[in-house]
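# Structural features, examined
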Amino acid sequence: MRSLWRRLTASLGGRARGWALRRQGRDPVFVTLESRRIYILPTPAGLVFGLLVLTMLAGAMNYNNNLGFALAFLLASLGVTVIYHTHRTLAGLRLRLLGAEPVFAGDPLDVRLTLVNEAATPREEVFLDWPGSPPVPAGLGPLDSRLVRLPLETRRRGARPLPGLRVGTRAPLGLMHAWAWVHIDAQLLVWPRPAAGPVPLPNSTGSHRPHDGHQRPGDEDFAGLRSYRRGDSPRRIAWKSYARCGELLVRDFRGGGPAAILWLDWNTLPPGDVEQRVAWLTRQVLDAAAGDRPWGLRVPGITVEPAQGREHLRRCLEQLAVVAPEALP
Amino acid sequence: MSGTTAERRTMERRQIAWAASAMIFGGAPHLFAVVPWVALLVLAVALWRIVAAARGWALPSLWLRAPVTVLAFLGVALSYRGVSGVDAGSALLLVMAGMKLLEMRDERDRVVVVLIGYFLLFAVLLRAQAIWSFAWLAGAALGITAALAQTVRRERLLSVPGAAALAGRLLVQSLPLAVLLFVLFPRIPGPFWAMPNTRATGVTGLDDQIQPGDISELSLSDAVAFRVRFDGAVPPADQLYWRGPVLERFDGRRWSALPDVARDGPPTADSAAGMAYEYQLVLEPQGQRWLLALETPLAWSAPRAALGRGRQLLSADPISERLSYRARSVTGGGMLAPESPEMLAFDLRLPPGRNPRARALAARLRQDSASDRDYVGRALAMLAQGGFHYSLTPPPLGQHAVDELLFVTREGFCEHYASAFAVLARAGGVPARVVVGYQGGERNPFGDYWIVRQANAHAWAEVWLDGGWRRVDPTAVVAPGRIELGIDETLAASPVTAERLWRANALVNRMVLSWDAVNAGWDRWVLAFGPEMQADLLLALGFEVPRTAQLAALAVAGTIAAMLLMGFALRHGRRVPRDPCAILYARLCGRLAPVVRARAAAETATHYAEAIASARPDLAAEVRALTRQYLELRYGGRYDPAGGRALAARIRRFRPAAAPAHR
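Right, let's talk about the overall build of chain A for a bit. Within chain A, the regular secondary structure consists of six helices and 17 strands. Taken across its 329 residues, chain A has 52% of its residues classed as buried. When contacts within chain A are restricted to residue pairs at least 6 apart in sequence, long-range pairs at least 24 apart make up 65% of them. Carbon and sulfur atoms make up 56% of the accessible area of chain A, which totals about 15,500 Å².

In terms of regular secondary structure, chain B is built from 24 helices and 20 strands. Across the 663 residues in chain B, those meeting the buried criterion constitute 51%. Accessible area for chain B stands at about 30,400 Å²; split by element, carbon and sulfur atoms hold 62% of it.

Below, the discussion takes up a positive patch on the surface. Residue and element names in this part refer to chain A. A surface patch of positive charge is lined by Arg235, Lys240, Arg244 and Arg251. Structurally, Arg244 can be placed in helix H4 (residues 239–245). Taking relative accessible area as the criterion, Arg244 reaches 68% and is therefore assigned exposed.

Each partner contributes to the interface: chain B provides 74 residues, whereas chain A provides 63 residues. Between chain B and chain A, a total of about 6,100 Å² is buried, with carbon and sulfur atoms accounting for 68% of that surface. The partner of B:Arg156 in a salt bridge is A:Glu124, with the nearest N and O atoms 2.5 Å apart. Elements with a contribution of two residues or more to the side of chain B that touches chain A: helix H5 (107–127), helix H6 (131–151), helix H7 (160–184), helix H18 (506–527), helix H20 (548–572) and helix H21 (580–595) of chain B. Looking at side-chain class alone, the side of chain B that touches chain A contains 53 nonpolar, eight polar and 13 charged residues.

In the predicted model, chain A carries a mean pLDDT of 83, and the fraction of residues at 70 or more is 88%. Note that pLDDT drops below 50 for residues 205–220 of chain A; the model gives that stretch 16 contacts with residues more than four away or on any other chain.

All names here are of chain B. Residues of helix H12 (residues 401–409) that are buried include every one of Ala401, Val402, Asp403, Leu405, Leu406 and Thr409, and no others. Where H12 is buried, its residues touch strand S4 (249–250), helix H10 (356–368), helix H11 (372–385), strand S15 (411–412) and helix H13 (414–427). Note on H12: the residue one or two positions beyond its end, Arg410, has a positive phi of about 55 degrees.

An ideal rise of 1.5 Å per residue puts 22 Å on 16 residues; H21(B) measures up with 24 Å between its terminal C-alpha atoms. Of all 16 residues in H21(B), 14 are buried; the element is thus mostly enclosed.

Glancing now at the sheet that holds strand S17 (residues 442–444) of chain B. Sheets are built from strands paired through backbone hydrogen bonds, the pairs being either parallel or antiparallel. Residue and element names in this part refer to chain B. Pairing is antiparallel in the open sheet, where six strands are placed in the order S9-S12-S7-S2-S18-S17. Across the chains shown, the open sheet's two edge strands, defined by having one partner strand only, are strand S9 (297–300) and S17. Taken pair by pair, the neighbouring strands of this sheet meet at an average axis angle of 30 degrees, ignoring direction. Bridge count for strand S2 (residues 224–231) against strand S7 (residues 275–283) is six bridges, and the pairing is antiparallel. The residue of S7 that forms the bridge with Arg229 is Gln280.

Take the nonpolar core next. Grouped together as the largest cluster of nonpolar side chains are 87 residues, with contacts concentrated most on A:Phe49, A:Leu78 and B:Tyr118. Of all hydrophobic cores here, the second largest spans 74 residues; its members include B:Phe226, B:Leu307, B:Leu314 and B:Ala432.

The subject of this paragraph is the pairing of S2(B). Residues and elements named next belong to chain B. Where burial is concerned, most of S2 is hidden: seven out of the eight residues are buried. Bridge count between S2 and strand S18 (residues 449–453): four bridges; the pairing is antiparallel. Across the sheet, Phe226 pairs through a bridge with Val452, a residue of S18.

All names here are of chain A. Strands sit in the order S4-S12-S9 across an open sheet of three strands; the sheet is mixed. Where the open sheet ends on each side, the last strands, each with one partner, are strand S4 (103–104) and strand S9 (158–161). For S9 and strand S12 (residues 187–191), the ladder comprises four bridges, and the chain directions are antiparallel. Opposite Gly158, over in S12, you have Val190 as the bridge partner. Along the sheet, helix H6 (residues 310–321) contacts S4, S9 and S12; its crossing angle with S12, the most-contacted strand, is approximately 100 degrees.

Our focus in this paragraph is the pairing of S7(B). Across nine bridges, S7(B) lies against strand S12 (residues 323–331) of chain B in antiparallel orientation. The partner of B:Tyr277 across the bridge, within S12(B), is B:Ser329.

Counted by the stated rule, this structure contains 34 salt bridges over all chains. Note that B:Glu462 and B:Arg243 form a salt bridge whose closest N and O atoms lie 3.0 Å from each other. Of this pair, B:Glu462 sits in strand S19 (residues 457–465) while B:Arg243 sits in strand S3 (residues 241–247), and the two are 219 residues apart along the sequence. Take B:Arg243: its relative accessible area is 4%, and that puts it in the buried class. The partner of B:Asp618 in a salt bridge is B:Arg616, and the shortest N-O contact between them spans 3.0 Å. The class for B:Arg616 is buried, based on a relative accessible area of 4%. Taken together, the salt bridges that share partners define one network made up of A:Glu124, A:Glu125, B:Arg153 and B:Arg156.

Scoring rules and cut-offs
- Residues numbered from 1 in each chain as written.
- Chains lettered and ligands numbered in written order.
- Predicted model: local features only at pLDDT ≥ 70, side-chain atom pairs only at ≥ 80, totals over all residues.
- Heavy atoms only, no water.
- Helix = DSSP H or I, 4+ residues; strand = E, 2+ residues; numbered from the N terminus.
- Buried < 20%, exposed > 50% of the residue type's maximum accessible area, 1.4 Å probe, protein only.
- Contact = heavy atoms within 4.5 Å.
- Areas by Shrake-Rupley, 256 points an atom, 1.4 Å probe, with all protein chains shown as cover.
- Patch = residues over 30% accessible without salt bridge, like charges linked within 9 Å, V, L, I, M, F, W, Y side chains within 5 Å.
- Salt bridge = Lys/Arg side-chain N within 4 Å of Asp/Glu carboxyl O.
- Lys, Arg positive; Asp, Glu negative; His and termini not counted.
- Charge placed at Lys NZ, Arg CZ, Asp CG, Glu CD.
- Buried area = accessible area lost by both parts, 1.4 Å probe.
- Nonpolar A, V, L, I, M, F, W, Y, C, P; charged D, E, K, R; others polar.
- pLDDT = per-residue confidence, 0-100.
- Expected span 1.5 Å × (residues − 1).
- Pairing = 2+ DSSP bridges.
- Axes fitted to C-alpha atoms, helices over the stretch in contact; angles between N-to-C directions.
- Core = buried A, V, L, I, M, F, W, Y, C linked by side-chain atoms within 4.5 Å.

As structure tokens, this is what we get:
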């Protein structure tokens, strides 16, 4: 029964949302909530309140009780006044989308917005929510601004279009619910989810690519053993000491020419479907970033020149996020 | 939703306390009126609930709550012998609210408790309508509305004064429309369903039968019977006879009213001898059907009222609410109305074998009389000269009550003399009856109206002379002062009650009277507002005689106008006195909030600028400069529009980066 009700309201809500989108169009990142886009309806408590007032009115008529009339009319009038206040809590509110740092698919995006109240009256009990997620408080004092962080679920990599944001309030008495839909015309980047297990990095000196001409780290200056870090070539693992003490150690080399470049290449991956390979490649990119060698990325149609550092990592993840299956052979 | 779990729980605890307080605002006046166990139960439950919230105790399970609820409901039904009526209804509401407190877990439950609070308040008003109820209505509406505002909040609670201020603002803004509805909403005279009659029981007042001693008991009561205001001329004190029940059946000791079978035709006043008065009367509820009026009422505004047997003004329903009506009467003449011979014969009946000495006296007087009128005069003269005394505490009378009064005790109160005179008249062949009502009243100089109390209760006789009923007040002959001065002055040995002693002080009496004047004004203007006053008001405003449909249209139009006005204010009204500097500064803060932090509510502009500067040295110079410019613009005397434009442009150009590293 309850789930049926929820499905019914969700379906109605979806339709209303679609209607509002057609009516209002998409919004820029800076939005002012004008009166005409604020919708208002009584809450269930408001409906019960209305019923209560009607009952009082009937009682006052029956008993011909003027104080009863006074209370009934005062409450009826209060119900009308509250419409105005609830509406005013939203009318004129400004909000601006600041964006969100990209996240891996499946992690929530931390969408940041600023809300600005240019009125001398507070806008209390304002809540923001995406469809199907819990509301986040965003009340404002008079002449106030506020940064609001809204988690947004992600499922797939790529550009995540912002769903319709609902800005709602039930202030001051919870009898009326006013809301506005804001459909900001923006997309947020979602990186692909890296594969769970470690994916061995390709052997950049590998026999299948002898011509790439990149140098390996100088093998000459053996500097000792250090513990294994992601991205270390399996060839340098000291298997003997692993057998002895159970800890993964690698042979470390110091000095000698520039660090060898690691090429992460779509085509060197074992066969798998597109998403699987993207996940592997993402894992490799992350592991390479944790290592100390520069790395480059090759996906059909895209080449990211080798480099190191956070910016480079972001660039690579960005490219992986938008790998289009149809562009692949 | 906000804050930590601990904060959340503190907030919830306070919200529970608010919901419970809403119940107290609505329910407290009931606690003294319902049966004690309901009051105790509800208080205990409310107290337990608040402690349970503070200590985090678990709420009782449904297995405990359900039987307790059922038992409590049954208990109410048993205590009140039913669940209808205001008293049982409020007890039931209290129990419901108490039980709801026990299962109050989330916001919905709290809202239900608060709404029950509103309804309890409504029930308070059904119970009492004095000025204090209005004061309570105002205070409690404020408290319950504040509780509603607090209980539905999710982000942050307001402070107690903050919540009260919010509720006060909302209610004050609601007042104009409320007053409009109060005045214009069509008042359809009720009731639509059965009126519980519980409140009128045990009220002192007249009865439709008297025997010696009844009225002397009443005369001890200072309770107000009704208040009356005359339009224009005020009748002299000896004409202030407010007619109540007419008693025609006599069993030798007790006079009682006939059942209201046949309605008499409308009377005509002896206008040559009488004088017409118009007045408005506010009658206290007395649980009986009769409406008091000066004798020979010709017109009245009370709804569903008509003249009954003996031309007493009767309402269709017992008076269980304070009732206001206007009437026009002619006094001083007598009631000229046809009377059937059967009825006149009935008004001559005396029980055989009772009061033989009185009958003998009547026969003697009748022999000497030339006419009925002469006979009545002789009987009165006999009472005047017979050495009779007026006393509140006459010796008790036996079976031949009239004989004992006339020949043995010679001491009595108005009902004794009225009864004795009526018996003499009937024995002498003149149809007679006893009328009970009120005589006189106390004029309140502060409000220019008369207060008639139970102590003014009186009994007199009416005799059929020359084709009409004429009032004869034997008490006026025995103790003439009683009619002119009032009872307190007449009876030197009047019993001393605390209230009388209190009112004997002139200053206190003035205070009592002025408070009564305030109350009477309240009754007259607020409580008595009904269909007639509404019609009068609208007529005075220039409307034609308004009908219900027109009124409804007017009320709807008024409401729509109020809502349109609100919509207009919403769309075009400047919500804020728009300070351009404040807007510019809000814009600057809006720029800084996402990259550093938002300005705290109590933070000064300078302090905020310094905080930004220390967090982001790369922004320090620009932020300090912008803040200085803003402060100069805002507080440097008159607002300089050019400076404002310059600051606006500078803020527009100011785009702080999210992180300092990329600078």
